[in-house]
Amino acid sequence: MALTGTKKMLEMAYKNGYAIGAFNVNNMEITQGIIAAVAEEKAPLILQVSRGARAYASIGYLKAIINVAVEENPEIPIAIHLDHGDSFETCKQFVDDGFTSVMIDASKQAFDENVRVSREVVEYAHARDVCVEAELGQLGGIEEDVGGVSADDVSKYLTDPDQAVEFVEKTRCDSLAVACGTSHGAFKFKSEPKLAFDVIEEIGRRLPGFPLVMHGSSSVLQEFKDLINNYGGDMPDAMGVPESAIARASKMAICKVNIDTDLRMALTAKIREVFAKEPAEFDPRKYLGPGREAIKDMVKHKLQILGCAGKASECM
Ligand code: G3H
Ligand code: 13P
Ligand code: ZN
């Protein structure tokens, strides 16, 4: 059973006005929760693996888990993507390992250097039929290994539409992650959340037919925030991107929406709840199982927000 190419999914998402959910995977339960959701909703899926995930779980285990998912769900298009590749060497490794797309994130480098390394990755990947996401502008964030600017500074680092056109022309990347006011992690805003829809709109207008990517798209759902805070956690100020904003962006040129924090919070919330309510429980299946179920329900809901539920067959 084969993986599906990322490019086809992005093309269909662009053409039909929805976005593909790109969910980060680190272990079996997270992957199974996501897969169960897309199978029930008949949605296309991008599973993404960060360098951190690879270091944690090892590529062999991750790929074996993903292979089972692909084999068991032949009617669901599944792509696998390197999230935030930090160098040509990292991207090369993932291309060589059979990923359907890679991200080169040289957004912290000066423009010319970002172009140079992104172009180098594009040349290597395209020769092997793998597509490439690059990034221009800087997101905020507190994620280890991802870096970024502080949440307060987010608006100063939005992607410049003129530069975006030049960058895409010079690199020939297949999709572009843009900075539009989101940031990584659970603490994205200190006051009312605001995205720069004008930036998305202008880049979309200047690059017709070209898919954009939104990172830092978790919504920090109230249900999980409450469970975490009520059962011994400490994230009172967590705030994410409202789902209405995700839905709006998904109808625009944003064709891939990256979600990790909401998965982490769903799993953590349920584990905390079980530990608090059943302190004598020590069977991992009794707390990882509810965590996996919470991920499934949450992802099913996300697929409706993104508009990709029911779109599996057109992306094959
Ligand atoms: O954008 C980053 C993702 O949330 C991956 O995070 O590097 O901790 O796996 P990670
Ligand atoms: P969140 O932290 O908002 O889930 O963003 C994840 C992401 O952008 C992965 O690349
Ligand atoms: Zn990201």
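Whatever comes next refers back to the structure up there.
Report on the accompanying structure. Just so you know, the residues in each chain are numbered from 1, in the order the chain's sequence is written. Each chain takes a letter, starting from A, and each ligand takes a number, starting from 1, following the order in which they are written. Thresholds applied to this predicted model are a pLDDT of at least 70 for local features of residues and 80 or more for the giving and counting of side-chain atom pairs; totals over whole chains, interfaces and linings are not thresholded and use all residues. Values shown for side chains rest on all heavy atoms present in the structure; no hydrogens or waters enter the calculation.

**Structural notes on the overall build of the chain**
Looking only at helices and strands, the chain has 12 helices and 8 strands in total. Within the chain, contacts between residues at least 6 apart in sequence are counted, and of these 77% link residues at least 24 apart. In this tally, Lys and Arg are treated as positive and Asp and Glu as negative; His is ignored, and so are the chain termini. A single reference atom marks each charge: NZ on Lys, CZ on Arg, CG on Asp, CD on Glu. Charge centroids of the chain, computed over 35 positive and 48 negative side chains, lie 2 Å from each other. Secondary structure elements are defined from DSSP: runs of H or I of at least 4 residues count as helices, runs of E of at least 2 residues count as strands, and each element is numbered from the N terminus. When checking whether two residues touch, look at their non-hydrogen atoms; a contact exists if any pair is within 4.5 Å.

**Details of the site of ligand 2**
If you check the shell around ligand 2, you find 16 residues, and the closest are Asp 83, Lys 188, Ser 218, Asp 260 and Thr 261. At a separation of 3.1 Å, an oxygen atom of ligand 2 approaches a polar side-chain atom of His 184. Values of accessible area rely on a 1.4 Å probe in the Shrake-Rupley scheme; residue burial ignores everything except the protein chains shown. Bound to the protein, ligand 2 loses 97% of the 300 Å² it would expose on its own. Residue assignment for the shell around ligand 2 shows that the elements contributing at least two residues are strand S3 (78-85) and strand S8 (254-259). Taken together, the residues that form the shell around ligand 2 break down as 1 nonpolar, 11 polar and 4 charged. Proximity is defined per residue: any heavy atom of the residue falling within 4 Å of a molecule or strand makes that residue near it. Here a polar contact is taken to be a pair of N or O atoms separated by no more than 3.5 Å, where protein atoms must pair a possible hydrogen donor with a possible acceptor and residues adjacent in sequence count only if both atoms sit in side chains. For this classification, Asp, Glu, Lys and Arg are treated as charged, while Ala, Val, Leu, Ile, Met, Phe, Trp, Tyr, Cys and Pro are nonpolar and the rest, including Gly, are polar.

**Comments concerning the coordination of the zinc ion (ligand 3)**
When four donors bind a metal tetrahedrally, each ideal donor-metal-donor angle is 109.5 degrees, and when six bind octahedrally, the ideal angles are 90 or 180 degrees. Protein coordination at the zinc ion (ligand 3) comes from His 84 (NE2), His 184 (NE2) and His 215 (ND1), with a distance range of 2.0 to 2.1 Å. Metal coordination here is assigned from N, O and S atoms located within 2.8 Å of the ion, or within 3.2 Å for Na, K and Ca; omission of water means that sites may look incomplete. Spacing between the donor residues of the zinc ion (ligand 3) along their common chain follows H-x99-H-x30-H. Highlighted residues: His 84 in strand S3 and His 184 in the loop between strand S6 (175-178) and helix H8 (197-206), separated in sequence by 100 residues. Overall, the relative accessible area of 9% leaves His 84 in the buried class. A simple rule labels every residue: compare its accessible area, found with a 1.4 Å probe on the protein chains alone, to the largest value its type can have, and call it buried under 20%, exposed over 50%, or partly exposed in between.

**A short note on the sheet that holds strand S2 (residues 45-50)**
If you walk around this closed barrel you meet the 8 strands as S1-S2-S3-S4-S5-S6-S7-S8, and the pairing is parallel. Taken pair by pair, the neighbouring strands of this sheet meet at an average axis angle of 25°, ignoring direction. Think of it this way: DSSP has to see at least two bridges between two strands before they count as a pair. As judged from the 2 bridges shared by S6 and strand S7 (residues 212-214), these two strands associate in the parallel manner. In the sheet register, Ala 177 faces S7, and the bridge partner there is Val 213. Contacting strand S4 (101-104) and strand S5 (131-136), helix H6 (residues 111-126) runs over the sheet at an angle of about 170° to S5. Note on geometry: axes are lines fitted to C-alpha atoms, helical ones only across the stretch in contact, with angles between N-to-C directions running from 0 to 180 degrees.

**Examining the nonpolar core**
Counting residues in hydrophobic clusters, the biggest one holds 104 residues, and the most contacted among them are Ile 34, Leu 47, Leu 176, Leu 212, Phe 224 and Val 299. Excluding anything up to four places from it in sequence, Leu 47 contacts Phe 23, Val 25, Thr 31, Ile 34, Ile 35, Ile 66, Ile 78, Ala 79, Ile 80 and His 81. Take the buried residues of types Ala, Val, Leu, Ile, Met, Phe, Trp, Tyr and Cys, join any two whose side-chain atoms come within 4.5 Å, and each joined set is a nonpolar core.

**Observations concerning the side chain of Asp 262**
Relative to the assigned elements, Asp 262 resides in helix H11 (residues 261-277). When near neighbours in sequence (up to four residues on either side) are disregarded, Asp 262 contacts Ser 218, Ser 219, Val 220, Leu 221, Met 298 and Lys 302.

**Looking at the side chain of Glu 273**
Take Glu 273: it is sitting in helix H11. If we skip the residues at most four places from it in the chain, Glu 273 touches Leu 227 and Tyr 231.

**Some thoughts on the packing of H6 against helix H7 (residues 161-171)**
Closest axis-to-axis distance for the H6/H7 pair is 9 Å, and the angle between their directions is 35°. Judged by the sense of rotation from one axis to the other, the crossing of H6 with H7 is right-handed. Contacts between H6 and H7 involve Phe 111, Asn 114, Val 115, Ser 118, Arg 119 and Val 122 from the former and Gln 163, Glu 166, Phe 167, Lys 170 and Thr 171 from the latter. Here the contact of H6 with H7 is composed, by residue class, of 4 nonpolar, 4 polar and 3 charged. For any pair of crossing helices, the crossing counts as left-handed if the nearer helix is rotated counterclockwise from the farther one by less than a right angle, and right-handed if it is rotated clockwise.

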